Amino acid sequence: KLDRLAEAERLFRGVADRRRAVFGKSAALAVDLLQLGRAELALGKFAAARDVLGEARPMAIDNLGPDAVPTLVITLGLAEALAEADDTGRAEALLAEAAPRIAAMGPVGLPQGIAARTRAIIRLKQGRTAEARREADRSEQIFRTLGAPGESYLKSFAALRRRLAA
């Protein structure tokens, strides 16, 4: 929940630390790290999110496969963290790697909405504001179409819209 991010970050970190200690690298740890990374992105802790999602990605690929939704969401989160840290080249490369897998899933779904939002952030960081707005509009529409699964992402749009208006 966006109103209790610091608490969520602390809880996700504790869960991930315990799972890592008990089970080592696993699909479950990758998903725990995804949740931690999402919280850190929402808190603006981009370097921390990059590190966590960078740890999670190879685990997800190895244990879930490159086409799995959690793997794709981790990849997109990592791309967002890189873009926010002004590494738009690496962010673009990750987005390009994930794009065909996401496109194969059809036009509307959580990965599609996240990809459009990530693309909006990359374009914003590149100074391509008109393109960023179009991608943000596309992303927001996908999340609205999804209903409940898109709600947590929709809550972040007020801050993104403020950045796009600046």
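Coordinates for the structure precede this section.
These remarks concern the structure in this document. (Residues numbered from 1 in each chain as written. Predicted model: local features only at pLDDT ≥ 70, side-chain atom pairs only at ≥ 80, totals over all residues. Heavy atoms only, no water.)

### With respect to the packing of helix α5 (residues 88–103) against helix α6 (residues 110–125)
Where α5 contacts α6, the axes come no closer than 11 Å and their chain directions differ by 155°. Taken as axis vectors, α5 and α6 run roughly antiparallel relative to one another. Between α5 and α6 lies a crossing whose hand is left-handed. Contact residues: Thr88, Ala91, Glu92, Leu95 and Ile102 in α5; Pro111, Gln112, Ala115, Arg119, Ile122, Arg123 and Lys125 in α6. Split by residue class, the contact of α5 with α6 holds six nonpolar, two polar and four charged. (Axes fitted to C-alpha atoms, helices over the stretch in contact; angles between N-to-C directions. Helix = DSSP H or I, 4+ residues; strand = E, 2+ residues; numbered from the N terminus. Parallel < 35°, antiparallel > 145°, perpendicular 65-115°, else oblique. Left-handed = near helix turned anticlockwise from the far one by under 90°. Contact = heavy atoms within 4.5 Å. Nonpolar A, V, L, I, M, F, W, Y, C, P; charged D, E, K, R; others polar.)

### Overview of α6
The end-to-end C-alpha distance of α6 is 23 Å, a good match for the 22 Å that 16 residues give at a rise of 1.5 Å each. For α6, a buried count of 14 out of 16 residues is recorded, marking the element as mostly surrounded by other parts of the structure. Positive phi shows up at Gly127, right after α6, with a value of about 80°. (Expected span 1.5 Å × (residues − 1). Buried < 20%, exposed > 50% of the residue type's maximum accessible area, 1.4 Å probe, protein only.)

### Quick word on the nonpolar core
Counting residues in hydrophobic clusters, the biggest one holds 41 residues, and the most contacted among them are Leu33, Ile74, Leu76 and Leu160. Those elements giving two or more residues to this core turn out to be α2 (27–42), α3 (46–64), α4 (69–84), α5, α6, α7 (129–146), α8 (151–154) and α9 (157–165). With nine residues, the top contributor of residues to this core is α4. Other than its neighbours up to four places away in sequence, Leu33 contacts Ala16, Arg20, Val52, Leu53, Glu55, Ala56 and Met59. (Core = buried A, V, L, I, M, F, W, Y, C linked by side-chain atoms within 4.5 Å.)

### Topic: helix α1 (residues 5–23)
The end-to-end C-alpha distance of α1, which contains 19 residues, comes to 26 Å, matching closely the 27 Å that a straight helix rising 1.5 Å per residue would cover. All buried positions along α1 are accounted for by Leu5, Ala8, Glu9, Gly14 and Ala16. If you follow the buried residues of α1, they end up packed against α2. Two residues or fewer after α1 comes Gly24, characterised by a positive phi angle close to 70°.

### A few points about the packing of aromatic side chains
Per the counting criterion, the structure on display carries two aromatic pairs. With centroids separated by 4.9 Å and ring planes inclined at 10°, the aromatic side chains of Phe143 and Tyr153 adopt a geometry described as stacked. With Phe143 in helix α7 and Tyr153 in helix α8, this pair connects stretches of sequence that are 10 residues apart. A relative accessible area of 11% places Tyr153 in the buried class. Where Phe143 meets Phe157, the ring centres are 6.1 Å apart and the plane angle is 65°; that geometry is what we call edge-to-face. One end of the pair, Phe143, is in helix α7; the other, Phe157, is in helix α9, with 14 residues separating them in the sequence. Members of the aromatic cluster, each reached through a chain of ring pairs, are Phe143, Tyr153 and Phe157. (Phe/Tyr/Trp six-rings, centres within 6.5 Å; stacked < 30°, edge-to-face > 60°.)

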